[in-house]
Amino acid sequence: MTPSPRTSPIASAFVLGSTSEVAKCLCRELARRGCQRFHLVARDAEANKRFAAELRESFGAGVSLAQTDLIADANLPAKDQFPVGDFDLYLITAGSLGDGERARGDGGEALRITAANYSGLLPWLTAVATPERLARRGRLWVFSSVAADRGRPSNYHYGAAKAALTTFCEGLLLRCHGKPFAVRILKAGFMATPMTEGKAPAALCASPASLARDLLRHPDRRGIEYLPWWWAPLMALIRRLPPSLASRL
Ligand SMILES: NC(=O)c1ccc[n+]([C@@H]2O[C@H](COP(=O)([O-])OP(=O)(O)OC[C@H]3O[C@@H](n4cnc5c(N)ncnc54)[C@H](OP(=O)(O)O)[C@@H]3O)[C@@H](O)[C@H]2O)c1
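Attention in this report is confined to the structure presented alongside it. Model, not experiment: these values are computed from the prediction.

Attention now moves to the pairing of strand 2 (residues 37–42). Most of strand 2 is tucked away, with 5 of its 6 residues classed as buried. One ladder, built from 5 bridges, connects strand 1 (residues 12–16) with strand 2; its direction is parallel. The partner of Leu-16 across the bridge, within strand 2, is Val-41. Handedness of the crossover joining strand 1 and strand 2 through helix 1 (residues 21–32) is recorded here as right-handed. Direction of pairing for strand 2 relative to strand 3 (residues 62–67): parallel, over a ladder of 6 bridges. Residue pairing for strand 3: Ala-42 is matched across the bridge by Gln-67. The handedness of the strand 2 to strand 3 crossover, carried by helix 2 (residues 45–59), is right-handed.

In structure tokens form, the structure reads like this:
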């Protein structure tokens, strides 16, 4: 994780997965800090419209909208989905736990989990990471997961897809070494969002609003980081657990 020598304001943001709880917290925080232009892409068009109205009414922001289903759409994003020109921040928060138990015996569910967390994102990441854009100043923040660090008996399809996403984005990070474009890979632990409702111990769930504020304290950071930071030593320990203990995770 390397801080950039100087910070620059984030005045425009492209968000894929804008109906995600953590994306909404980040957008509100960005708008509070002066971000005036958003392009919001989500699967649930109605929820996306409601959030766009909130950003317009509460902050006077300019918002454009697009819809996609990462599982159904395998094409490069269309022009109205991916506007021409640069955004100061490309934020990728789309992702889905899926049904890990079902995926053990249903290859279709395994593919859906892979598409929602990795393969469906590839056309979008490819559209962001053009050689021209990577040579200019900009930021790409991608939400991965601590689940990428070690296969777990309960949700290894999700973990494997996030591991592929992390490796892909690490490639982009290294391609941008020494260039002004900053890639930030966020390995999140449990967050208190609809994704983990009833599935994670409340004491371990971070507030998405406080994570958003923390992330924006270092807007030009690049590299791989854990959210919150204490997942780094915890995952170092979990990676070293013998199978007899890891199988109980
Ligand atoms: N919550 C956690 O504990 C946790 C932990 C580690 C990592 N993460 C990762 O952090 C990111 C944000 O998580 P969150 O908790 O804020 O999630 P969330 O509130 O459940 O939101 C998930 C987002 O992904 C979108 N999405 C899901 N499947 C999609 C599909 N097939 N096509 C298009 N969009 C799809 C949803 O869109 P619609 O609402 O429009 O359907 C929504 O915008 C995700 O990548 C997640 O994997 C979360």
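Throughout the structure, instances matching the rule amount to 9 aromatic pairs. An angle of 40 degrees between the planes, with centres 5.5 Å apart, marks the rings of Phe-14 and Tyr-90 as tilted. Remark: Tyr-90 occurs in strand 4 (residues 89–92) and Phe-14 occurs in strand 1; sequence separation between them is 76 residues. Neither Phe-14 nor Tyr-90 differs from the other in exposure class; each is buried. Arranged with centres 5.2 Å apart and planes meeting at 25 degrees, the rings of Trp-230 and Trp-231 form a pair that is stacked.

Glancing now at the site of the ligand. Every one of the 29 residues lining the ligand counts as a neighbour, but Thr-19, Asp-44, Tyr-158, Met-191 and Thr-193 are closest to it. Contact between the ligand and Gly-17: an oxygen atom at 3.2 Å from a main-chain N or O atom of the residue. Met-191 places a polar main-chain atom, nitrogen or oxygen, 2.7 Å from an oxygen atom of the ligand. When the free accessible area of the ligand is taken as 900 Å², the share hidden by the protein chains comes to 92%. Looking at the shell around the ligand, the elements that each hand over two or more residues are helix 1, strand 5 (138–145) and helix 7 (156–175). Of the residues forming the shell around the ligand, the biggest block, 3 residues, is contributed by strand 5. Across the shell around the ligand, the residue classes tally to 12 nonpolar, 12 polar and 5 charged.

About the thresholds
Residues numbered from 1 in each chain as written. Predicted model: local features only at pLDDT ≥ 70, side-chain atom pairs only at ≥ 80, totals over all residues. Heavy atoms only, no water. Buried < 20%, exposed > 50% of the residue type's maximum accessible area, 1.4 Å probe, protein only. Helix = DSSP H or I, 4+ residues; strand = E, 2+ residues; numbered from the N terminus. Pairing = 2+ DSSP bridges. Right-handed = clockwise from strand over helix to strand, strands pointing away. Phe/Tyr/Trp six-rings, centres within 6.5 Å; stacked < 30°, edge-to-face > 60°. Near = heavy atom within 4 Å. Polar contact = N/O pair within 3.5 Å; in protein donor to acceptor, adjacent residues only side chain to side chain. Areas by Shrake-Rupley, 256 points an atom, 1.4 Å probe, with all protein chains shown as cover. Nonpolar A, V, L, I, M, F, W, Y, C, P; charged D, E, K, R; others polar.

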